[in-house]
Amino acid sequence: MSQQPTVGRTVHYVSHGTPVRPDGTQAFPSRCRAAIVTEVPDQPTPDNRVGLQINSPDGPFSHPLSKDGGVPQDEPRPFEDLGEPYAYAGGSWHWPERV
Ligand SMILES: [Zn+2]
């Protein structure tokens, strides 16, 4: 059903946005960033964690499995507060959306 990530694949990392205001807006909403899978665990975790190298516009940074446990996968979910059809949790990864 869901494809297993392998080293070298390109995925999306979701940046952490600023806190949601009472009116539902954010100064900086979370965004999809291009990321490369740098590590996969020997045994897949329930949340499908991988090590990522993330390419943000400000420069690259990494979330290695050995250092901070890597990054969990997230699936699209209803995000009714912002009136958008789908959103992902900040600090997660997903396969790039097909457009
Ligand atoms: Zn995305």
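Below you will find a few notes about this structure. (Residues numbered from 1 in each chain as written. Predicted model: local features only at pLDDT ≥ 70, side-chain atom pairs only at ≥ 80, totals over all residues. Heavy atoms only, no water.)

This part is about the coordination of the zinc ion. Ideal coordination angles are 109.5 degrees for a metal with four donors arranged tetrahedrally and 90 or 180 degrees for a metal with six donors arranged octahedrally. The protein atoms donating to the zinc ion are H12 (ND1), C32 (SG), H94 (NE2), E97 (OE) and E97 (OE), with metal-donor distances spanning 2.1 to 2.4 Å. Mapped onto the polypeptide sequence, the residues donating to the zinc ion form the spacing pattern H-x19-C-x61-H-x2-E. Here H94 lies in strand β7 (residues 93-94) and C32 lies in strand β2 (residues 32-39), a separation of 62 residues in the sequence. Exposure remark for H94: the relative accessible area of 3% places this residue in the buried category. (Donors = N, O, S within 2.8 Å, 3.2 Å for Na, K, Ca; no water. Helix = DSSP H or I, 4+ residues; strand = E, 2+ residues; numbered from the N terminus. Buried < 20%, exposed > 50% of the residue type's maximum accessible area, 1.4 Å probe, protein only.)

Turning to the environment of V40, a few remarks are in order. As for its position among the elements, V40 is in the loop between β2 and β3 (51-56). The exposure class of V40 is partly exposed, given its relative accessible area of 34%.

Turning our eyes to something else, we now look at the packing of aromatic side chains. Where two aromatic rings form a pair, the distance of their centres and the angle of their planes describe that pair. All told, the structure shown has two aromatic pairs when counted by the stated rule. Between Y13 and F61, the ring centres sit 5.9 Å apart and the planes meet at 80°, which makes this aromatic pair edge-to-face. You can see Y13 sitting in strand β1 (residues 10-14) and its partner F61 sitting in strand β4 (residues 59-63), a full 48 residues away along the chain. For Y13, a relative accessible area of 4% gives the class buried. Pairing W93 with W95 gives two aromatic rings, centres 5.3 Å apart and planes at 90°, and the pair type is edge-to-face. (Phe/Tyr/Trp six-rings, centres within 6.5 Å; stacked < 30°, edge-to-face > 60°.)

Counting 10 residues, the largest nonpolar core consists of V11, Y13, A35, V37, V50, L52, I54, V71, W93 and W95. Secondary structure elements with two or more residues in this core: β1, β2 and β3. Beyond its immediate chain neighbours, meaning those up to four positions away, V50 contacts P5, V37, E39, V40, H63, L65, G70, V71 and W93. (Core = buried A, V, L, I, M, F, W, Y, C linked by side-chain atoms within 4.5 Å. Contact = heavy atoms within 4.5 Å.)

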